Every structure is written in C-alpha cells, then in structure tokens.
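Per-entry structural report
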Amino acid sequence: MKITRMTATSLTLVAALAASGTAALAQDLPGPVKARQGQFNILAINLGILGDMARGKADYDAEAAQAAADTLVAVSMINQAPLFPEGTSEMDIDGTRAKAEIWDGWESFGEKWSGLGAAAGELQQVAATGQEALGPAVGQLGGACKACHDDFRAPE
Ligand code: ASC
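A quick note: this is a predicted structure, and the numbers were derived from the prediction, not measured.

1. What about the packing of aromatic side chains?
Taken as a whole and judged by the stated rule, the model has six aromatic pairs. Aromatic side chains Trp-106 and Phe-109 sit 5.3 Å apart centroid to centroid with 40 degrees between the ring planes, which places their arrangement in the tilted category. Taken together, the residues span about one helical turn, with Trp-106 and Phe-109 both in helix α5 (residues 106-126) at a distance of three residues. Its relative accessible area of 5% is what places Phe-109 among the buried residues. One aromatic cluster in this structure is built from Phe-84, Trp-103, Trp-106, Phe-109 and Phe-152.

Spelled out as structure tokens, the structure:
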C-alpha cells in the first residue's frame, strides 16, 4: 500500500497524540463524572429550547415546550450522590470543573439542586400555557443554575 504524504503526516500526528497522554480525553473520565456531565448537557439543551422560545428566537410550540420542561424536571429528580464520588473534584482530576466545595458543603449543594427542581417544577406548570409565560419561568431556572455555579463550579 502506498502511503501518501498526507497519510504519513496524519499518522505522525496520531502517534504524537497517543504518546503525549496528558490531555484529559472524555473517555478517560470516571463513569460518574461522564454521567453528571451528560445530565448537565441534557439540562442545557432543554433550557436552550425554552430560552429560544422565550426570546422569540424560535417559534413557540406548546408541546415542545412542555416536553423540554418535563425533561428538566426528570433530570432534576436524579439523585446526585452517586454522580459525585469523593476524589472527583477539579483538584483531583482533569476534565471537571466541580469544586472541592461540593464535598465540603454537601448540604448546601443539595439545596442548590433542590432549587433547580423547584424552578423546573414551576416551569413545567406554565410551559404549555403560552409564550409569554416562558420568560419569567426560564429566568428563574437560569437563576437556579447560576446560584449553584457561583459556589460550586470553577471558572473555565
Ligand atoms: C445554560 C448553561 C448554563 C446555564 C447558566 C444559567 O444554558 O449551559 O450553565 O444556562 O448560564 O445562568
């Protein structure tokens, strides 16, 4: 097989990346860390759907809004304890922004998570009632996200 110059360059690059081994690749992260990051991604996707409708960036769709709000509530019901085992803070491993304060202030962390649940529950009540209701409810939910990030998520 003839190896083209391009292929040779690519192979060199792959070899270099494999040898470096320093970058925290997502697949190297512990399962609980991948799981908690996945749930936050699900929250962000659904908050994005609702935020776009609230700001008129997307057409209001009662069914889609309700589905997004229902999903936020569902995620808010996931028990966080198994997703935050000891030794998985940003001080311990690369690839996470979870501050050590989560474990020092577990009760407070739980209260922030409950705050998310409360805001998601309110959003769930109004999501299908019309576009005008979304703004305040989405704002509240964003506030719950931010309240936790302020205390427990390290800056990028
Ligand atoms: C998002 C997202 C967050 C929150 C936060 C709300 O969509 O990814 O982290 O909203 O910005 O204050």
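2. Brief notes about the side chain of Thr-88
Along the chain, the position of Thr-88 falls in the loop between α3 (62-76) and α4 (101-104). In this structure the side chain of Thr-88 is engaged in a polar contact, spanning 2.7 Å, whose partner is the backbone oxygen of Pro-85. Non-local contacts of Thr-88, meaning those with residues more than four positions away in its chain, are made with Val-33, Arg-36, Ile-93, Thr-96, Ala-98 and Trp-103.

3. Focus: helix α2 (residues 31-54)
Between its terminal C-alpha atoms α2 stretches 34 Å, which fits the 34 Å expected from 24 residues at 1.5 Å a residue. Within the sequence span of α2, burial applies to Val-33, Arg-36, Gln-39, Leu-43, Asn-46, Leu-50, Gly-51 and Met-53. Buried-residue contacts for α2 involve α3, α4, α5 and α6 (131-152). One or two steps after α2, the chain reaches Gly-56, where phi turns positive at roughly 75 degrees.

4. Observations concerning the state of the cysteines
Scanning the model with the defined rule gives zero disulfides in all. Cys-145 takes part in no disulfide bond, and the closest cysteine sulfur, belonging to Cys-148, lies 8.7 Å away.

5. Re α3
Quick reminder: α-helices carry 3.6 residues per turn. Residues three or four places apart thus point the same way. For α3, with 15 residues, the first-to-last C-alpha span of 21 Å sits near the 21 Å given by 1.5 Å per residue. Taken together, the buried positions of α3 are occupied by Ala-65, Ala-68, Ala-69, Leu-72, Val-73, Val-75 and Ser-76. Angularly, the buried residues of α3 cover 165 degrees about the axis, an arc narrow enough to put them on a single face. One side-chain oxygen of the residue at the start of α3 lies 3.0 Å from the amide nitrogen of Glu-63, identifying that residue as Asp-61.

6. Overview of the site of the ligand
Every residue near the ligand is listed here: Ala-44, Leu-47, Gly-142, Cys-145, Lys-146, His-149 and Arg-153. The fraction of the free accessible surface of the ligand (310 Å²) that becomes covered by protein chains is 56%. Sorting the residues of the shell around the ligand by element identifies α2 and α6 as the ones contributing at least two each. Of the residues belonging to the shell around the ligand, the class tally is three nonpolar, two polar and two charged.

7. Focus on a negative patch on the surface
A grouping of Glu-86, Glu-90, Asp-92, Glu-101 and Asp-104 is seen on the molecular surface, where their side chains present a negatively charged patch. Note on placement: Glu-90 falls in the loop between α3 and α4. In this structure Glu-90 comes out as partly exposed when scored by relative accessible area, which is 33%.

8. Quick notes on the nonpolar core
Ranked by size, the top nonpolar core spans 21 residues in total, and within it Leu-43, Leu-50, Leu-72, Leu-116, Leu-123, Leu-134 and Leu-141 carry the most contacts. Breaking this core down by element, the ones donating at least two residues are α2, α3, α5 and α6. Those residues in contact with Leu-50, other than ones at most four positions away along the chain, are Ala-65, Ala-68, Ala-69, Leu-72, Leu-123, Leu-134 and Val-138. In this structure, Leu-83, Ile-102, Cys-148 and Phe-152 belong to the second largest nonpolar core, which totals eight residues.

The rules behind each value
Residues numbered from 1 in each chain as written. Predicted model: local features only at pLDDT ≥ 70, side-chain atom pairs only at ≥ 80, totals over all residues. Heavy atoms only, no water. Phe/Tyr/Trp six-rings, centres within 6.5 Å; stacked < 30°, edge-to-face > 60°. Helix = DSSP H or I, 4+ residues; strand = E, 2+ residues; numbered from the N terminus. Buried < 20%, exposed > 50% of the residue type's maximum accessible area, 1.4 Å probe, protein only. Polar contact = N/O pair within 3.5 Å; in protein donor to acceptor, adjacent residues only side chain to side chain. Contact = heavy atoms within 4.5 Å. Expected span 1.5 Å × (residues − 1). Disulfide = S-S within 2.5 Å. Arc of directions from axis to C-beta. Near = heavy atom within 4 Å. Areas by Shrake-Rupley, 256 points an atom, 1.4 Å probe, with all protein chains shown as cover. Nonpolar A, V, L, I, M, F, W, Y, C, P; charged D, E, K, R; others polar. Patch = residues over 30% accessible without salt bridge, like charges linked within 9 Å, V, L, I, M, F, W, Y side chains within 5 Å. Salt bridge = Lys/Arg side-chain N within 4 Å of Asp/Glu carboxyl O. Lys, Arg positive; Asp, Glu negative; His and termini not counted. Charge placed at Lys NZ, Arg CZ, Asp CG, Glu CD. Core = buried A, V, L, I, M, F, W, Y, C linked by side-chain atoms within 4.5 Å.

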